[in-house]
Amino acid sequence: REPGVEPQRVEVRCYSLLFTAENPMPTKDSNPNDCLDVNSEQVFTGAMVDHHLLDAAPYTHFQFERTGYFMTDPDTAPGRPVFNRVCELKSGYRQ
């Protein structure tokens, strides 16, 4: 970060697996809506980024430190930057 320049607030969207089951259609009569993970999208307003990212073109990709890889969403508008997480970073800790 540059001295004297404050981080800027943006919207960040983090996505995880859409379904709670590996196979949401195990049978012909299955309804995939029964396996939807309603928490598969998390939206964070007010996330802080470097001011250089505010003018990024849609689909430009970045690594946010210790978080993951993100791209600028096409929903981005002047004064309303939006970033989507496309890949999480793996943790080096064993669980």
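Residues numbered from 1 in each chain as written. Predicted model: local features only at pLDDT ≥ 70, side-chain atom pairs only at ≥ 80, totals over all residues. Heavy atoms only, no water.

Right, let's talk about unusual backbone geometry for a bit. Phi at tyrosine 59 is positive, roughly 75 degrees, even though this residue is not glycine. Looking at the secondary structure, you find tyrosine 59 in the loop between β2 (41-49) and β3 (61-64). Taking relative accessible area as the criterion, tyrosine 59 reaches 55% and is therefore assigned exposed. The phi dihedral of arginine 66 is positive, around 60 degrees, even though this residue is not glycine. Checked against the element boundaries, arginine 66 lands in the loop between β3 and β4 (68-72). Given a relative accessible area of 74%, arginine 66 falls into the exposed group. (Helix = DSSP H or I, 4+ residues; strand = E, 2+ residues; numbered from the N terminus. Buried < 20%, exposed > 50% of the residue type's maximum accessible area, 1.4 Å probe, protein only.)

Another aspect to go through is the environment of asparagine 23. Residue placement: asparagine 23 occurs in the loop between β1 (8-15) and β2. Taking relative accessible area as the criterion, asparagine 23 reaches 44% and is therefore assigned partly exposed. For the pair asparagine 23 and cysteine 35, spaced 12 residues apart in sequence, the C-alpha to C-alpha distance is 9.0 Å. Polar contacts involving the side chain of asparagine 23 include one to the main-chain amide nitrogen of methionine 25, which spans 3.0 Å. (Polar contact = N/O pair within 3.5 Å; in protein donor to acceptor, adjacent residues only side chain to side chain.)

The next thing to look at is the side chain of asparagine 84. With respect to the helices, strands and loops of the structure, asparagine 84 is situated in strand β5 (residues 82-88). Among the polar contacts made by the side chain of asparagine 84, one reaches the side chain of aspartate 73 at a distance of 2.4 Å. Residues within four places of asparagine 84 in sequence aside, it is in contact with Arg13, Tyr15, Tyr69, Phe70, Met71 and Asp73. (Contact = heavy atoms within 4.5 Å.)

Once that is clear, we can look at the environment of tyrosine 59. In the structure, tyrosine 59 is positioned 18 residues away from glutamate 41 in sequence and 19 Å away in space, judged by C-alpha atoms. In this view, tyrosine 59 contacts Met71, Thr72 and Pro74; residues no more than four positions away in its chain are not counted.

This part takes up the pairing of β5. Bridge count for β1 against β5 is 4 bridges, and the pairing is parallel. Along β5, the bridge assignment pairs cysteine 14 with arginine 85. Here β4 runs beside β5; their pairing, made up of 5 bridges, is antiparallel. Note on β5: the bridge partner recorded for threonine 72 is phenylalanine 83. (Pairing = 2+ DSSP bridges.)

What is shown is where atoms sit, not what they do.
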